[in-house]
Structure formats: structure tokens, C-alpha cells
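Now for the letters of each chain:
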Amino acid sequence: MHAHLLDRSVGLKAREDASSPLRIALIFPPAVLPTSPPLGIASLKAWLGAACCGQGLEVRAFDLNLSYFEQAARWLGEGRLRMSLRKTDIETTAREVGEALDFFRGKEGEAFFELDSYNRHAAVYTGFGSVLNGLFDNFARKILHGLPTPALAGKFFDDLLEPVRAFEPDLAGFSILFSQQLHFALALAKLCKGRQNCLDRQTRIAFGGATFSVMPDPGRILSPIPVPVGNERAARVDAGALIDYLFVGEGEKGLEALVKSGLRPGTGIPGLVCKMDGKIVSNPPEAVFDLDSLPVPDFSDTPPGAYHSPVPVLPYLSSRGCPWRRCAFCTHQKTYLHYREEGAGASAARMVELSKSYGAAHFCLVDEMLTPRRLEKISEELVQRSAGLRFSAYARPAGFCPEVFEKAHRAGLRLLMWGVESASPRLLDLMGKGTEPRAVKNILHNADRAGIWNLLFVMFGFPTETEAEWLSTLDFLDSCREAVDALSRSRFILLEGSRVFLDPGRYAIRRIIDRPQRDPVSIAYDYEVAEGLGMDEVSKLFRQSLSRLSGLERSPWFAQLREHMLLYASNEPCARVS
Ligand code: SF4
């Protein structure tokens, strides 16, 4: 259904004064470890700049996630913020966090590649992130409930928001990739909302991003949602009163239409979900079909050199969606409307352009997966341009031959991140993975021989999995240890909208159970199985397996800090094969 909204833009003297540009703030909220700049707001800034060129528009991107970590570290160093990690005292924690940040900002040069030092600083850095996020997520929830917070917390959020307030946006658009950003985004939205700017216009709030696109019912975020605080597990916040526009799907078309309407969506705005007459209505999303027509992402407001990697590492998306789309546990493919690819020549040319603009030689291709053919074509184009870049990519371990790896290595590929999942042929078949363990092993070894590092994603506890199958995966990983550089291990999670969720009987799931304390954007469910390992057994076996898995990787932090892993893999003396 298309939404035809009443004009709710109270106080928005929208575009009456043509000489005053509409100001759009694109915000990436906390809290994700900031090792590279966020791609979503850089892409939207470039799109709005091109699509609304000459229409009186000022767009600025704000990475409040990076600012949050930087500000916290600064406050810690000044003694304004006090926390202690791993049983150390407050002063030691402040010193160690400062040293870790300097280390990751490259202040110790080549020492970054000393693995013992790296691991020590990474432990402090990730620990700092966890403690900080727990503390400020709690403050964010209190702000949402209007409860008192320490003066420090109020000042911290005020300072964080100051650059956005100084910009006086008409629209603050929050890009939310991960569920842990939700409370921060809502609290920041509450502090932004309703503020009058010098033109007597109020700041309106838009939310969008992958988190909402995979929700079967994103409109539920516009109702009172549970935001537990203290002992009040069932406390609710009216998020719909804070969010003026919710977007699902790819953001370009919807945001452009909203901006062109002067933020008055009287006609259908693609991908907009909103409340009308007390009911939630959703406009169908639209996407830019021809990726070659997209402008190059604009990172000028989030300079790549400011992030926590010793040299800049840029994210790049060369295709949208997944060409495979068959894995039964997955909902990633729902983030995008259709699968489509940028021309390989355009991808290579744009990476070179970005490299020159921002002095970045390292790229993480964040496509859902690259097929062998596409990797080969992009590699050929990069070699033709003598690009001299280094890059990583995600892939499904099927159909890759040694020649593709050799060509890709010549083009600068140094890290592949593989969806291996399991070593049981029966389970792989049931998952719809389309891979075969012996072939996977060959592929890993061939990549390794070509000088490409391998990060493996492994999933335990897929429904019907037996203990014997689980152990066969551990044995398989042991048998490929020479070709394994990092492991990301997880347990199966039943996600609403996945094939397993839609056809539970096929996977021997006899009951799907809603979670009483559901995170409002979570699509995870509990379940009971009719055969194979149950949820409790999976948790127990998973804990037992961790020690066996821990010796398999070069660094326990690489699976989380993938930009750092790419830098290690690109540092030639570190490579196993020269
Ligand atoms: S797991 Fe990866 S390869 Fe499989 S459908 Fe999802 S995105 Fe595609």
C-alpha cells in the first residue's frame, strides 16, 4: 500500500525560503569498533549530492560512532570518565586504552605487525569497547525513559551531538546497521528532535539501514517498544514519537524523494513506513537498478585516516544482494531488492579513484559474496590499471580454481572470508550451501598457496546436527589448519524470514518459541527440535569446543577486527607464501 501522508511537518517552513538550503545530517550512531569509515552515509551523501544537485541542499555526514570512542578515550585520559578493565585500576586502564588507540592509529609504525603487541592492545581495545558500550547503552536507555542520569552522561551526549546541533539540520537521518546501535540512535534522536534552528525550522528524524530491511515487520518499531531499564524489564518507549520517517530497503530513492518533497511526503515515498490514522502503512521500496549510475561514495566528512587502523582501509560495495540466496539460515539477501553488479571495470576504476582521493591502498569489498567469475573480472581490471591496491572479499567456497587465486593475488587480493559453516555433507546439503567439504579443503589450500589468507565462518548447531557431525567439523578444521588464518565461530540462530523459519518441519523443528524479552529489532527466535542437538546441548558443546578451536588462528582478534587482518595479510613478510 502506498502511504499518502498528511503534512505533519509542524514548524517546518519547508523550502518557503528558497535561498536557505535544506540541511541534511546523515548520522552513523555508536557503538561499533571504528576501524574504517561507514559506507552507508558516505554513499547516501554522494547520491543526494548528485540527485539533488542545484536544488539548494546541504548534506553532511557525521560519524558519531568514531566521535563516541574518541571522546570517551579523551575523557578517560583526562580523568573525567572512570572505568577499569580486567581487574586493573582506573589509572592503568586509562593509560592502556590510550596506548592501544595510539597503536591502532599507527603511532608505533611497524610495531603494529608484532603479533604479541598487537594481541595485547587488541584485548584492551575490544575490552574498552565492551565496557564503554554497556555503560553508555544504559545511559541511553535512561535518557529515553526521561530518568535521571549522572551529570557526566548528559554532558557526554551533549558534547557528542554538538557538531550536529551546530549544523542545524532540518533532517537528521540515522543509519543503523546493527541492533546495538538502536538505543544510542533513539537517545540521540530524542536530544536532536524538535530543536528549532536559526530559520525557525525543526529537526525531523529519519531511521533506516540494514537492521530494518531484514525485519519482516519493521513497522513494529513505530509502536511503544520494550527498552528495559534497571529492574523494569517490561518498560516501554514510544519510538514512533521520535521517528518521523522510517525507511526500509536501499535508501537512495526514498531519501531523494523525501528531500525533493521538502520533507513533506504527501505522495508515495519509496520504502517509507509510517503511521497513518493509527495504522502502520508501508510504501514499496525502490532501488537504483543500474549500479554503474551510482556516484562514488563521498568520505570527505569522515576522513579515512582518522580511524583505528594504522593506514586507511576503505569499505567498497561492488554488487548488491547475493547471487546465491539459497542458504537456509540466512536473511542477508533481504537487505537488497534484487541482486545486481557494478561493471567490473567501473568497480576497479572507482577503487582507484577512491584510493587517490583518500590516500588509501587497502579495501574491504563488503559484497555479500563474490563469485569466482566476478573476482576474476575485477582482478583483471585492477591489473590492467596497475592499481597496486590490496583488498579482501567474502565468498562461498565453491568453484574457485588455482588460476583465479593467482590472478586475484596479482591484483592485490590478500584475504578471503569464507562461509564454510560445517564439514558434514548432509548438513551442507540441508542448509542449501552448495559446497562439498573435500572441495572446500582444496580451495582453502589453493588460496593459501597463492598467498591469500583465509578467514572461515563456521556455524555449529544447525537443526538436526548430531554430536558426531559436530566433531567431524572440528576434525576437518584441524586437518586444514595450515590454510586457516582466522575463525569466526557461531551458533545457529533461528531468524524470522529465513528458510528454516518458514518451513521448520523440513529442519526437524517442532516448535518455534518467541522470546519474552525481545529486543525490538531482533528477529531471533528460540526453538525445540524433534531430532539432533537441542539449543541447550548446542550451548554446552559450543563452550566445550572453544578451547579446541582457539589454537587454529593467527590472532583471536582477527575475526572481529577484519581491517587489521587485511593489513597483516598484505604485509608481505608476514605471508606464509612469498
Ligand atoms: S549465507 Fe552468504 S552465500 Fe548464503 S545466501 Fe546468505 S549471503 Fe548468500
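All residue numbers here refer to positions counted from 1 along the written sequence of the relevant chain. Local features in this predicted model are restricted to residues whose pLDDT is 70 or higher, and side-chain atom pairs enter the listing and the counts only when it is 80 or higher, whereas totals over whole chains, interfaces and linings include all residues.

Can you walk me through the sheet that holds strand β2 (residues 57-63) in this structure?
The pairing of strands in a sheet happens through backbone hydrogen bonds and is either parallel or antiparallel. Strands pair, by our definition, only if DSSP identifies at least two bridges between them. Working definition: helices are DSSP H or I runs of at least four residues, strands are E runs of at least two. Numbering for both runs from the N terminus. The seven strands lie next to each other as β2-β1-β3-β4-β7-β8-β9, forming an open sheet whose pairing is mixed. Only two strands of the sheet have a single neighbouring strand rather than two, namely β2 and β9 (279-282). Direction aside, neighbouring strands of the sheet carry axes that sit 25° apart on average. Bridge analysis of strand β4 (residues 204-208) against strand β7 (residues 245-247) gives two bridges, and the strand direction is parallel. What sits directly across from Ala206, in β7, is Tyr245. A pair of residues counts as a contact when their C-beta atoms, built from backbone coordinates, are separated by no more than 7 Å. Only C-alpha atoms enter the line fits that serve as axes; for helices the fit covers just the stretch in contact. Angles between N-to-C directions range over 0 to 180 degrees. In the packing of helix α5 (residues 151-167) onto the sheet, the strands contacted are β1 (22-28), β2 and β3 (171-175), and the crossing angle to β1 comes to about 160°.

Help me out: how do you make sense of the nonpolar core in this one?
As a rule of thumb, soluble globular proteins bury nonpolar side chains together. For the purposes of this analysis, a nonpolar core is taken to be any set of buried Ala, Val, Leu, Ile, Met, Phe, Trp, Tyr and Cys residues that are connected through C-beta atoms within 7 Å. Residues with at least 20 neighbouring C-beta atoms inside 10 Å of their own are called buried, those with 12 or fewer are called exposed, and the rest are partly exposed, where every C-beta is derived from the backbone. Within the largest apolar cluster, 166 residues are counted, with the highest numbers of intra-cluster contacts made by Ala189 and Met565. Take this core: its biggest share by element is 11 residues, from helix α4 (residues 115-145). Once residues lying within four places of it in the same chain are set aside, the contact partners of Ala189 are Ala172, Phe174, Ile205, Leu242 and Ile243.

How do you make sense of the domain arrangement of the protein chain when you look at a structure like this?
For an interface, size is often stated in terms of accessible area lost upon the parts coming together. Along its sequence, the protein chain is carved into domain 1 (22-64 + 169-282), domain 2 (68-145) and domain 3 (311-572). As annotated, the domain borders come from an automatic or database domain assignment. In this structure, domain 2 and domain 3 have C-alpha centres spaced 29 Å apart. Counting residues at the interface gives seven residues for domain 2 and seven residues for domain 3. Three categories are distinguished: nonpolar for Ala, Val, Leu, Ile, Met, Phe, Trp, Tyr, Cys and Pro, charged for Asp, Glu, Lys and Arg, and polar for the others, with Gly belonging to the last. Looking at the side of domain 2 that touches domain 3 residue by residue, the classes come out as four nonpolar, three polar and no charged.

When you look at the pairing of β3 in this model, what are you seeing that I'm missing?
Taken residue by residue, a regular strand's side chains alternate between the two faces of the sheet. Of all five residues in β3, five are buried, a share of seventy percent or more. One ladder, built from four bridges, connects β1 with β3; its direction is parallel. Each bridged residue has a counterpart across the sheet, and for Ile24 the counterpart in β3 is Leu171.

Even after reading the chapter, I still don't get helix α11 (residues 402-411), so can you show me in this structure?
It helps to recall that an α-helix has 3.6 residues per turn; residues three or four apart then point in one direction. Among all positions in α11, only Val404, Phe405, Ala408 and Ala411 are buried. Axial view of α11: buried residues confined to an arc of 120°, hence all on one face. Buried residues in α11 make contact with α10 (372-384), β15 (413-421) and α13 (437-449). Directly after α11, the chain includes Gly412, whose backbone phi takes a positive value near 115°. Here the arc refers to the set of directions running from the helix axis out to each C-beta atom.

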